[in-house]
There are 2 protein chains.
Amino acid sequence: MNPNSIGKDYLDHISIDCVIFGFHNKSLRVLLLKWKTINRWALPGGFIKKNEHADAAAQRVLSERTELSNIFLRQFHTFSDPDRNKADGNLDISLLPVRFSKEAIDWIKGRFVTIGYFALVDFNKVKPVPDLFSEECRWWELEQLPVLLYDHHHIVDAALIALRDALQYQPMGKYVMPKKFTLPELQKLYEVILGKKIDRRNFRKKILGLNIIHPLGETRKGGAHRSPDLYSFN
Amino acid sequence: MNPNSIGKDYLDHISIDCVIFGFHNKSLRVLLLKWKTINRWALPGGFIKKNEHADAAAQRVLSERTELSNIFLRQFHTFSDPDRNKADGNLDISLLPVRFSKEAIDWIKGRFVTIGYFALVDFNKVKPVPDLFSEECRWWELEQLPVLLYDHHHIVDAALIALRDALQYQPMGKYVMPKKFTLPELQKLYEVILGKKIDRRNFRKKILGLNIIHPLGETRKGGAHRSPDLYSFN
DNA sequence: TCAAAAGTGTTTTGCTTACACCCATGC
DNA sequence: GCATGGGTGTAAGCAAAACACTTTTGA
């Protein structure tokens with residue numbers, strides 16, 4: 001994004017925010033950006049070009065932040081509380097050390113209705129890239145998120161509920177898991193998303209019955225215990 | 001809405017559209033407005049005031065069109081195709097016989113991202129009221145909708161899917177059925193929403209097991225056959 | 001008395017849950 | 001050898017689906 005295009009090339013008062021989920025080391029993670037100067041963590045987001053579909057804008061933001069394309073992405077809710085950006089009364093966006101015009105700053109400080117998306121990505125393939133507003137981009141464990149900008153914590157909560165819901169209908173492990181994975185790893189993913197323990201035997205039965213993964217005939221060596229079988233998504 | 005407030009009191013480029021479902025005479029119906037001059041039927045919709053929540057805007061539109069308040073209402077999707085209002089290339093909105101300023105007309109002809117809501121109302125309690133753009137407001141059978149404005153047919157389809165989905169989790173018959181109703185009537189509602197036949201005995205068992213309705217000890221006289229028992233929601 | 005809709009229970013099926021033992025590996 | 005996690009099958013429970021006969025009513 002170009003500082004000069006703010007308030008000109010984009011639709012007014014509409015933004016998108018992406019909750020990008022990844023899975024690593026047995027925990028669910030979310031990609032966050034640390035905003036300059038105000039030192040607040042926030043969801044990756046952006047604006048919609050005047051002739052762009054919101055879905056395309058979300059894909060654009062996603063690929064800019066992760067350097068990935070063709071990511072699993074789903075709109076889940078639009079947040080329109082007129083005071084959603086006023087949760088932090090003492091936060092002054094105009095402190096952003098970016099060369100914005102006065103018009104651009106007024107534009108950004110205005111009200112935004114934001115369309116929420118969630119995405120699932122392969123943690124190992126992501127190269128986090130900060131945007132114009134931020135100095136850092138990195139993964140955070142879902143259980144240990146910092147204080148977030150505006151209503152972003154609320155958006156994350158809603159995204160998790162939507163993800164949980166979607167997982168019931170659609171096995172989306174293939175977007176998050178690495179090429180080769182073990183069943184206990186996939187089970188852990190389900191457990192952290194659904195927020196409950198699952199029986200090992202029942203889980204195997206269910207997943208294998210879906211015919212979406214196949215055994216590779218290899219095992220993962222190097223663990224401290226019995227080597228688990230490796231699988232891949234079809 | 002005041003013609004002079006168009007383009008001033010509302011957020012630019014954002015609208016809401018409501019798919020209002022009612023149930024009458026064994027069929028699911030949708031409330032539509034007939035736009036003046038262009039003679040095209042459309043969903044009831046509106047704009048969001050500069051300091052208003054989208055949910056509140058939807059409630060406002062709903063009560064303006066139905067003269068009901070406190071209606072079951074749920075946001076289901078936001079439609080953002082940049083060409084969604086260009087489906088009818090030959091449609092000239094500026095023909096609307098309403099005294100709009102040139103600025104207002106340009107504003108209306110611009111691109112809109114619209115937030116879709118669906119609502120459930122008691123057919124018998126609704127007094128359909130046209131809005132500023134329309135000359136008529138009435139119910140249409142879902143199976144026999146006319147050609148609709150813009151992408152409104154697509155919005156209706158998506159609303160029906162969302163409604164079907166919601167019905168699985170939440171028995172929302174009480175918003176649509178009259179005070180007194182029979183089980184076959186309620187069953188028919190489920191059948192038209194879910195799009196499939198349901199076994200009578202299984203349906204009774206399930207609904208009565210939910211403890212959300214109770215028999216009134218009366219029957220509906222006057223039918224050509226055996227009088228069905230009347231029930232009410234708790 | 002007949003046609004059409006409404007009331008009523010039981011069986012079967014499929015999916016989910018519960019549950020226990022042996023196996024492989026690194027320390 | 002032992003602690004730890006991984007692999008494996010069966011029985012029980014529960015909710016949904018299948019299924020047929022009798023009753024009431026107006027014509």
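Bear in mind that the values here come from a model prediction, so they are computed numbers and not experimental data.

(A) Geometry of the environment of His225(A). On the secondary structure map, His225(A) appears in the loop between strand 9 (213–219) and strand 10 (229–233). Along the sequence, His225(A) and Asp17(A) sit 208 residues apart, while their C-alpha atoms lie 42 Å from each other.

(B) How the structure looks around the packing of helix 3 (residues 152–169) of chain A against helix 5 (residues 183–194) of chain A. Residue and element names in this part refer to chain A. Their axes nearest at 9 Å, the elements helix 3 and helix 5 cross at an angle of 130°. Between helix 3 and helix 5, the angle is such that the two are oblique. Each of Leu160, Leu163, Arg164, Leu167 and Gln168 in helix 3 lies in contact with helix 5, whose residues at this interface are Tyr190, Ile193 and Leu194. Taken together, the residues that form the contact of helix 3 with helix 5 break down as six nonpolar, one polar and one charged.

(C) Examining the nonpolar core more closely. Ile16(A) and Ile16(B) are the most contacted members of the largest nonpolar core, which has 49 residues in total. With near-sequence residues (within four places) excluded, Ile16(A) lies in contact with Gly45(A), Gly46(A), Ile48(A), Ala54(A), Ala57(A), Ala58(A), Val61(A), Thr114(A), Ile115(A) and Tyr117(A).

(D) Structural detail: the pattern of salt bridges. Inspection of the entire model under this criterion finds 28 salt bridges over all chains. For Glu191(A), the salt bridge identified is with Lys197(A), shortest N-O distance 4.0 Å. A salt bridge links Asp199(B) to Arg201(B), with the nearest nitrogen and oxygen atoms 3.7 Å apart. According to the relative accessible area criterion, Asp199(B) is partly exposed, its value standing at 31%.

(E) Seen up close, the protein's contact with DNA strand D. Lining the immediate environment of DNA strand D, one finds 19 residues, of which Arg200(A), His225(A), Asp229(A), Asn202(B) and Lys205(B) sit closest. Within 4 Å of the protein, the contacting atoms of DNA strand D are 41% sugar and phosphate, with bases supplying the remainder. In the model, a base nitrogen of DNA strand D is placed 3.1 Å from a nitrogen or oxygen of the Asp199(B) side chain. Measuring from a base nitrogen of DNA strand D, one finds a side-chain N or O atom of Arg201(B) at 3.1 Å.

Conventions adopted
Residues numbered from 1 in each chain as written. Chains lettered and ligands numbered in written order. Predicted model: local features only at pLDDT ≥ 70, side-chain atom pairs only at ≥ 80, totals over all residues. Heavy atoms only, no water. Helix = DSSP H or I, 4+ residues; strand = E, 2+ residues; numbered from the N terminus. Axes fitted to C-alpha atoms, helices over the stretch in contact; angles between N-to-C directions. Parallel < 35°, antiparallel > 145°, perpendicular 65-115°, else oblique. Contact = heavy atoms within 4.5 Å. Nonpolar A, V, L, I, M, F, W, Y, C, P; charged D, E, K, R; others polar. Core = buried A, V, L, I, M, F, W, Y, C linked by side-chain atoms within 4.5 Å. Buried < 20%, exposed > 50% of the residue type's maximum accessible area, 1.4 Å probe, protein only. Salt bridge = Lys/Arg side-chain N within 4 Å of Asp/Glu carboxyl O. Near = heavy atom within 4 Å. Polar contact = N/O pair within 3.5 Å; in protein donor to acceptor, adjacent residues only side chain to side chain.

Everything listed here is a matter of coordinates, which is why it stays silent on function.
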